[in-house]
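Observations on the model geometry
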Amino acid sequence: MTSASIGQKDVRAGLVGSGQRAASYFRNLPTDMRDSVRLAAIADPDPTRRAAFAELVDAHPEHLDDGVTMIREHELDAVVVATPNDLHVPSAIAAMERGLPLLLEKPVATTLEGLAALWEADQARPAGRTVVGFVLRYTPFYERVRDIVRSGRLGEILAVQAGENLGTG
């Protein structure tokens, strides 16, 4: 999502969930977007985590407990939903209902009902307004793996099998 695609110079981004994956998006903004994307509001039920996140990305957003309320009541131009997986649907639907560009962390839903609700909400808005994030693709570890594979040092790669063992809390 670039500022040009949103059609504004200063993009007021809202963030729902302030964990490590969300930090990857804001800490790794492309250089040409750093001056145009501003973290305007952050929603997370943990005030300590919200404050630490704002400090980490050197931002001064409004702090809220609830993502749906933030999306419905604040002046935002785009939303990033990076909550725990089972909490994605309500905030994503709120962003879709407002017609806001949405970066939604995967998996987008953890139930068939949630997925159906997202599908229905997304069909009612312009195409190309929802992007599903695979934030770990951009972490230094995976970037280094990609660079090594592309360098040819390992020879011809015939297959890759990877597992990601993350706790779900």
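Residues numbered from 1 in each chain as written. Predicted model: local features only at pLDDT ≥ 70, side-chain atom pairs only at ≥ 80, totals over all residues. Heavy atoms only, no water.

A look at the side chain of Glu-105
Note that Glu-105 resides in strand S5 (residues 102–105). Classification of Glu-105 as buried rests on a relative accessible area of 2%. A polar contact of 2.5 Å, which involves the side chain of Glu-105, links it to the side chain of Tyr-25. (Helix = DSSP H or I, 4+ residues; strand = E, 2+ residues; numbered from the N terminus. Buried < 20%, exposed > 50% of the residue type's maximum accessible area, 1.4 Å probe, protein only. Polar contact = N/O pair within 3.5 Å; in protein donor to acceptor, adjacent residues only side chain to side chain.)

Points about the sheet that holds S5
With respect to topology, 6 strands assemble into an open sheet ordered S3-S2-S1-S4-S5-S6, the strand pairing being parallel. On the outer flanks of this sheet lie strand S3 (62–64) and strand S6 (130–133), each paired with one strand and no other. Strand after strand, the sheet turns through a mean of 20° between neighbouring axes, direction not considered. Both strand S4 (residues 78–81) and S5 contribute to a ladder of 3 bridges, which runs parallel. Looking at the pairing, Val-79 lines up with Leu-102 of S5. (Pairing = 2+ DSSP bridges. Axes fitted to C-alpha atoms, helices over the stretch in contact; angles between N-to-C directions.)

Focus: the packing of aromatic side chains
Tallied over the entire structure, the rule returns 2 aromatic pairs. Centre to centre, the rings of Phe-26 and Phe-53 are 6.0 Å apart; their planes meet at 85°, and the pair counts as edge-to-face. Residue Phe-26 is located in helix H2 (residues 20–27), and its partner Phe-53 is located in helix H3 (residues 47–56); the two are separated by 27 residues in the primary sequence. With a relative accessible area of 13%, Phe-26 lands in the buried category. An angle of 80° between the planes, with centres 4.9 Å apart, marks the rings of Phe-141 and Tyr-142 as edge-to-face. With relative accessibility at 31%, the residue Tyr-142 sits in the partly exposed group. (Phe/Tyr/Trp six-rings, centres within 6.5 Å; stacked < 30°, edge-to-face > 60°.)

Considerations on the environment of Leu-56
Assignment of secondary structure puts Leu-56 in helix H3. Spatially, the C-alpha atoms of Leu-56 and Phe-26 are 9.3 Å apart, while their sequence positions differ by 30 residues. With residues up to four places along the chain from it excluded, the contact list for Leu-56 reads Ala-23 and Arg-27. (Contact = heavy atoms within 4.5 Å.)

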